[in-house]
Amino acid sequence: RRLLLKEGKATKLQGTKAYREQLEEYQHGVLFGAAVERAVLPDVKVAGADLRAHYEQHRSAYTLPRFLRLRAIGFTSAAAAEAGLKKLRAGTEFAWYAQNAPDRIDPEKATVKLDGSAVMASELPAELTRSLAGAKKGDYRQHGAGSEHYVIHVDDEIAPASRPFEE
């Protein structure tokens, strides 16, 4: 921070037109905010019943989305992916199979990268969403993405939930 301030002084940054304009804009914003706080906010009174009514009318805005924790193994062919799906459904451990599966795609080169971190279901690509339709925690699904084919494991599912009014 000291180096940044020293460099600013050395280059006479405070004398530039751009700096003065940004400083003036910031000062106007601070003054306007203070004026609003003093003049407008004291007159704004919201009753608890009004807040609850607003919450009930807009409950969807206060709902947490559905999250999924997904892991994927990529294969070079649909047949290899189908064979992998059968093995995993039969009880083969996912992490071991992801390292040792025949005809698997190098995870660094795969187009679908699912590593077990939580993703919002609504942000998944449409094709992947269709492949995962109705999937629950522990399910395995097959998904084709061009010339690549995947077996996807649903590690966890976090259902959508409304946040409490108090929150």
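Each remark here, short or long, concerns the structure printed above.
Residues numbered from 1 in each chain as written. Predicted model: local features only at pLDDT ≥ 70, side-chain atom pairs only at ≥ 80, totals over all residues. Heavy atoms only, no water.

**As for the nonpolar core**
For step 1, the next point in the chain: Counting 14 residues, the largest nonpolar core has Leu68, Leu70, Leu132 and Ile152 as the members making the most contacts within it.
For step 2, the next point in the chain: Contributions of two or more residues to this core are made by β2 (67-75) and β5 (148-158).
For step 3, the next point in the chain: Element by element, the count of residues in this core is highest for β5, at 3 residues.
For step 4, the next point in the chain: Beyond its immediate sequence surroundings of up to four residues, Leu68 is in contact with Ser117, Ala118, Val119, Ala121, Leu124, Leu132, Val154, Asp156 and Glu157.
For step 5, the next point in the chain: Listed in part, the 12 residues of the second largest apolar core include Leu85, Ala98, Tyr140 and Val151. (Core = buried A, V, L, I, M, F, W, Y, C linked by side-chain atoms within 4.5 Å. Buried < 20%, exposed > 50% of the residue type's maximum accessible area, 1.4 Å probe, protein only. Helix = DSSP H or I, 4+ residues; strand = E, 2+ residues; numbered from the N terminus. Contact = heavy atoms within 4.5 Å.)

**Comments concerning the environment of Asp139**
For step 1, the next point in the chain: Here Asp139 shows up in the loop between α6 (126-131) and β4 (140-145).
For step 2, the next point in the chain: By relative accessible area, Asp139 is classed as partly exposed at 26%.
For step 3, the next point in the chain: Taking the C-alpha atoms as reference points, Asp139 and Val154, 15 residues apart in sequence, are found 5.5 Å from one another.
For step 4, the next point in the chain: If sequence neighbours within four positions are ignored, Asp139 has contacts with Gly134, Ile152, His153 and Val154.
For step 5, the next point in the chain: At 2.8 Å, the side chain of Asp139 forms a polar contact with the backbone nitrogen of Lys136. (Polar contact = N/O pair within 3.5 Å; in protein donor to acceptor, adjacent residues only side chain to side chain.)

**A word on the layout of surface pockets**
Empty space among the atoms becomes apparent when a probe as large as a water molecule is rolled across them.
For step 1, the next point in the chain: Here the largest pocket defines a volume of roughly 290 Å³.
For step 2, the next point in the chain: As for the largest pocket, its lining consists of 17 residues, and the residues nearest its centre are Ala72, Ile73, Ala98, Pro107 and Leu114.
For step 3, the next point in the chain: Secondary structure elements with two or more residues in the lining of the largest pocket: β2 and α5 (94-100).
For step 4, the next point in the chain: Class assignment for the residues of the lining of the largest pocket results in 11 nonpolar, 2 polar and 4 charged. (1 Å grid on protein atoms, 1.4 Å probe; cavity = no way out; pocket = protein on both sides within 12 Å on 5 of 7 lines; lining within 4 Å. Points joined across faces, edges and corners; volume = space filled by probe spheres on them. Nonpolar A, V, L, I, M, F, W, Y, C, P; charged D, E, K, R; others polar.)

**Description of the pattern of salt bridges**
Oppositely charged side chains can pair when the atoms bearing their charge come close.
For step 1, the next point in the chain: For the structure shown, the criterion picks out 9 salt bridges.
For step 2, the next point in the chain: Among the ionic pairs, Glu56 bridges to Arg59, the shortest N-O distance being 2.8 Å.
For step 3, the next point in the chain: On the basis of relative accessibility, which here comes to 34%, the residue Arg59 falls in the partly exposed class.
For step 4, the next point in the chain: The salt bridge partner of Arg141 is Asp139, with a shortest N-O separation of 3.9 Å.
For step 5, the next point in the chain: If you follow the salt bridges from partner to partner, you end up with Arg66, Lys136 and Glu157 in one network. (Salt bridge = Lys/Arg side-chain N within 4 Å of Asp/Glu carboxyl O.)

**Some points on the packing of aromatic side chains**
Two measures describe an aromatic ring pair: the distance that separates the ring centres and the angle between the ring planes.
For step 1, the next point in the chain: Considering all chains together, one arrives at 5 aromatic pairs under this definition.
For step 2, the next point in the chain: Geometrically, the ring pair formed by Tyr55 and Tyr62 is tilted, given 5.6 Å between the ring centres and 35 degrees between the ring planes.
For step 3, the next point in the chain: For the ring pair Tyr55 and Phe165, a centre distance of 5.5 Å and an interplane angle of 70 degrees mean the geometry is edge-to-face. With Tyr55 in helix α3 (residues 48-57) and Phe165 in the segment after β6 (161-162), this pair connects stretches of sequence that are 110 residues apart.
For step 4, the next point in the chain: Residue Tyr55 is classed as buried on the basis of its relative accessible area of 7%.
For step 5, the next point in the chain: Each residue in the set Tyr55, Tyr62 and Phe165 is aromatic and connected to the rest through ring pairs, giving one cluster.
For step 6, the next point in the chain: A cation over an aromatic ring shows up here: Arg52 above the ring of Phe165, its NZ or CZ 4.0 Å from the ring centre. (Phe/Tyr/Trp six-rings, centres within 6.5 Å; stacked < 30°, edge-to-face > 60°. Lys NZ or Arg CZ within 6 Å of the ring centre and 35° of its normal.)

This is a description of form; function is not addressed.
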